[in-house]
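Working through the structure, step by step
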Amino acid sequence: DVKVTQSSRYLVKRTGEKVFLECVQDMDHENMFWYRQDPGLGLRLIYFSYDVKMKEKGDIPEGYSVSREKKERFSLILESASTNQTSMYLCASRNPQETQYFGPGTRLLVL
Amino acid sequence: QQQVKQSPQSLIVQKGGIPIINCAYENTAFDYFPWYQQFPGKGPALLIAIRPDVSEKKEGRFTISFNKSAKQFSLHIMDSQPGDSATYFCAASPLNAGGTSYGKLTFGQGTILTVHP
């Protein structure tokens, strides 16, 4: 059974803090993704990684960075959290041309 | 722009009704159209998907209808049940993972479906 896990379900941070969101997949998937989900806007791609140490910007990369040092782990970094980054963050993974699997999400509140 | 427009934003039906969710796309390079279902507190999960070489695909009570010329596709849920209450997302991508797209999914805005008992 494919499993994508995210380090936290809920997170509360203060404006200006550096925030790390971790994602781990156990299916040896090549591709990993970070999305944010906001009501009425659907899922918007922040960054994706098509292989270890490879990354590419998605549709809304501003204010975010990512790291993929190992195949199973993909980290999303908010360099200086702002209130407009309050959102649900979803990690996903897949092999190319195969089904994409999502983690349970991290609900981030920035005060 | 690679947009996928989904409607309606929310939908309420009675048990046994047939909710229909519609999506429209612009990019003619899209050739893979999945629907994802998301329950509260969970990540989205693949429900059903279609390629444009067929006009309809059915899996249990869920059916995708696809109109290539109109660049539209829709999800029908037959005999809907309260357990179908969830948020539904359509998506589209080029299936071929080559080039700069890497087969990335573009998602619609989501539809919150409520099925009353």
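As shown above, the structure is provided for reference.
Residues numbered from 1 in each chain as written. Chains lettered and ligands numbered in written order. Predicted model: local features only at pLDDT ≥ 70, side-chain atom pairs only at ≥ 80, totals over all residues. Heavy atoms only, no water.

**Re the side chain of Ser75 of chain A**
All names here are of chain A. Test applied: Each helix corresponds to a stretch of at least 4 residues labelled H or I by DSSP, and each strand to a stretch of at least 2 residues labelled E; elements are numbered beginning at the N terminus. Identification of polar contacts relies on pairs of N or O atoms within 3.5 Å, with a donor-acceptor requirement for protein atoms, meaning one able to donate a hydrogen and the other able to accept it, and with residues adjacent in sequence counted only if both atoms are side-chain atoms. We call two residues in contact when some of their heavy atoms are within 4.5 Å.
Checked against the element boundaries, Ser75 lands in strand β8 (residues 73-78). Reaching out from Ser75, the side chain makes a polar contact with the side chain of Glu22 at a distance of 2.6 Å. Setting aside residues up to four positions removed in sequence, Ser75 forms contacts with Leu21, Glu22, Trp34, Ser65, Val66 and Ser67.

**Looking at the packing of aromatic side chains**
Going by this rule: The criterion for an aromatic pair is that two Phe, Tyr or Trp rings (for Trp, the six-membered ring) have centres within 6.5 Å, with stacked assigned to planes under 30 degrees apart, edge-to-face to planes over 60 apart and tilted to the rest. Residue exposure (1.4 Å probe, protein chains only): buried if accessible area is under 20% of the type maximum, exposed if over 50%, otherwise partly exposed.
A complete count under the given rule lists 18 aromatic pairs over all chains for this structure. Ring centres 6.1 Å apart and planes at 55° place the aromatic pair Tyr25 of chain B and Phe30 of chain B in the tilted group. Each ring, one from Phe33 of chain B and one from Phe73 of chain B, has its centre 4.9 Å from the other, and the planes form 55°; the classification is tilted. Highlighted residues: Phe33 of chain B in strand β4 (residues 33-38) and Phe73 of chain B in strand β8 (residues 72-77), separated in sequence by 40 residues. Take Phe33 of chain B and Phe73 of chain B: they sit in the same class, and that class is buried. Through pairs of rings, three or more aromatic residues link up here, namely Phe33, Tyr35, Phe48, Tyr50 and Phe102 of chain A together with Tyr36, Phe89 and Phe107 of chain B.

**Details of the interface of chain B and chain A**
When the parts of a complex come together, some accessible area is lost, and that lost area is often taken as the interface size. Operational definition: What gets called buried area is simply the loss in accessible area from a 1.4 Å probe that two parts show on being joined, summed for both. Any carboxyl oxygen of Asp or Glu that lies within 4 Å of a side-chain nitrogen of Lys or Arg is treated as forming a salt bridge with it. Basically, the charged four are Asp, Glu, Lys and Arg, the nonpolar ten are Ala, Val, Leu, Ile, Met, Phe, Trp, Tyr, Cys and Pro, and anything else, Gly included, counts as polar.
Facing the 20 residues of chain B at the interface are 22 residues of chain A. Summing both partners gives a buried area of about 1,700 Å² for chain B against chain A, and 56% of it is carried by carbon and sulfur. Applying the counting rule to chain B against chain A returns 0 salt bridges. There are 4 residue pairs in polar contact (both at pLDDT 80 or more) connecting chain B and chain A. Tallied by class, residues from the side of chain B that touches chain A come to 9 nonpolar, 9 polar and 2 charged.

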